[in-house]
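# Residue-level structural notes
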Amino acid sequence: MIMQTFSREPDFHCSFNLKREARFAPAAVKSQNVGSGAFQTRVAELQTNSESLRDRTQQPMVMRWLKDALENVDQIDQEAEEEDYPPIGDVAKRNAKSVLFTACQSPLEPHVYASMDGEIGVYFKSPVVQAALLILLNNDGGAGVYWSVSGKSKRQHYDDASELPIDLLHALGGLPLSQFLE
Amino acid sequence: MVPLNEAENLGRSVCSSKSAKKANRAKPIPEVFLVRLDDDRISVDRMDHAERREMANLATIRGQGRGNGSKDLRGWALLSVNHAAANGRTVVASPLPDNPYHADICLNLPESGERRERQKEYSVDLAARAYWENPP
């Protein structure tokens, strides 16, 4: 069940958007006056839009959230200041970006936020089943991993964030999360 | 006030600065359920016993009393008493003079070097079980 949750979303969105585009484009063409310059311009616009839309919907899920998540890391100082949280160091920001790149094939969009302990949180939550994973990157270069799956919660601390289990992060990209979160 | 029952909803109100990033603060992220190291209770409201507008007023007043500057109510992270009381936690009704709907989720964590880590673990467990509701 968890495997389905982590793997099926990108295909669903792609097929839906492509079908919708294909259905609406011919209807727009029919309403034009055949042979006019305006019509040909409009057709060219539609073709351009269609190709653009197709490109966008065929992009892997990584393109959907990675840019926003990286921007959130860049703006994390402002968030920490507004919430009256301790400042966040460069090492935590670098490690947060590294985690995001490593997990970038995940169909789940993570929430990136400043924590009250001066860490950066990267949080993934399933929209369908009761499963969530939090990675907290601290200013000492370490990381804490906390997860809850089907009512069971666990945690693991790493003094060096580069020691985070890569398999765990790849699991967010579609492999069954339960394999790694026993 | 009626006794707590397993199915009723508890709400953890989320307030933040006006200019804070709404996208992050309007979600039941674990931070919502993380309390200070010396705090073993998470303050919540019993959401099923009054209109949402009344609960919003209570939460707004409480939010304005926390931290620096003006804080606006972003919404609630909601979860059932049953979920809140899982994994060794308990829930107690703790009405206040100005808030008869107040309750606490007690983490029941002993004093130890691992306490903060366990608080964070519980915050993820609670967030995984919670869902979001916007204010009216």
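Conventions we followed
Residues numbered from 1 in each chain as written. Chains lettered and ligands numbered in written order. Predicted model: local features only at pLDDT ≥ 70, side-chain atom pairs only at ≥ 80, totals over all residues. Helix = DSSP H or I, 4+ residues; strand = E, 2+ residues; numbered from the N terminus. Buried ≥ 20, exposed ≤ 12 C-beta atoms within 10 Å, placed from the backbone. Contact = placed C-beta atoms within 7 Å. Nonpolar A, V, L, I, M, F, W, Y, C, P; charged D, E, K, R; others polar.

Scanning chain A from N- to C-terminus turns up seven helices and five strands. Put simply, chain A runs from its N terminus to its C terminus through helices and strands in the order α-α-α-α-α-α-β-β-β-β-β-α. Within the span of chain A, comprising 182 residues, buried residues form 33% of the whole. Sequence-distant contacts, at least 24 apart, represent 54% of the contacts inside chain A between residues at least 6 apart.

Bringing the environment of Pro95(B) into the picture now. All names here are of chain B. As for its position among the elements, Pro95 is in the loop between β4 (90-93) and β5 (102-106). Taking the C-alpha atoms as reference, Pro95 lies 9.8 Å from Arg46; in sequence the two are 49 residues apart. Apart from residues lying up to four places away in sequence, Pro95 is in contact with Met1, Pro100 and His102.

Frequently, the measure chosen for interface size is the accessible area removed from exposure when the parts meet. Chain A puts 24 residues into the contact, and the matching count from chain B is 24 residues. At the level of secondary structure, the elements contributing two or more residues to the side of chain A that touches chain B comprise α5 (76-82), β1 (111-114), β2 (120-125), β3 (131-137), β4 (143-149) and β5 (152-158) of chain A. In the side of chain A that touches chain B, the residues fall into nine nonpolar, nine polar and six charged.

Quick look at the environment of Ser115(A) now. Structurally, Ser115(A) can be placed in the loop between β1 and β2. C-alpha separation for the pair Ser115(A) and Ile76(A), spaced 39 residues apart in sequence, amounts to 9.8 Å. Beyond its immediate sequence surroundings of up to four residues, Ser115(A) is in contact with Tyr85(A), Gly121(A), Leu136(A) and Glu31(B).

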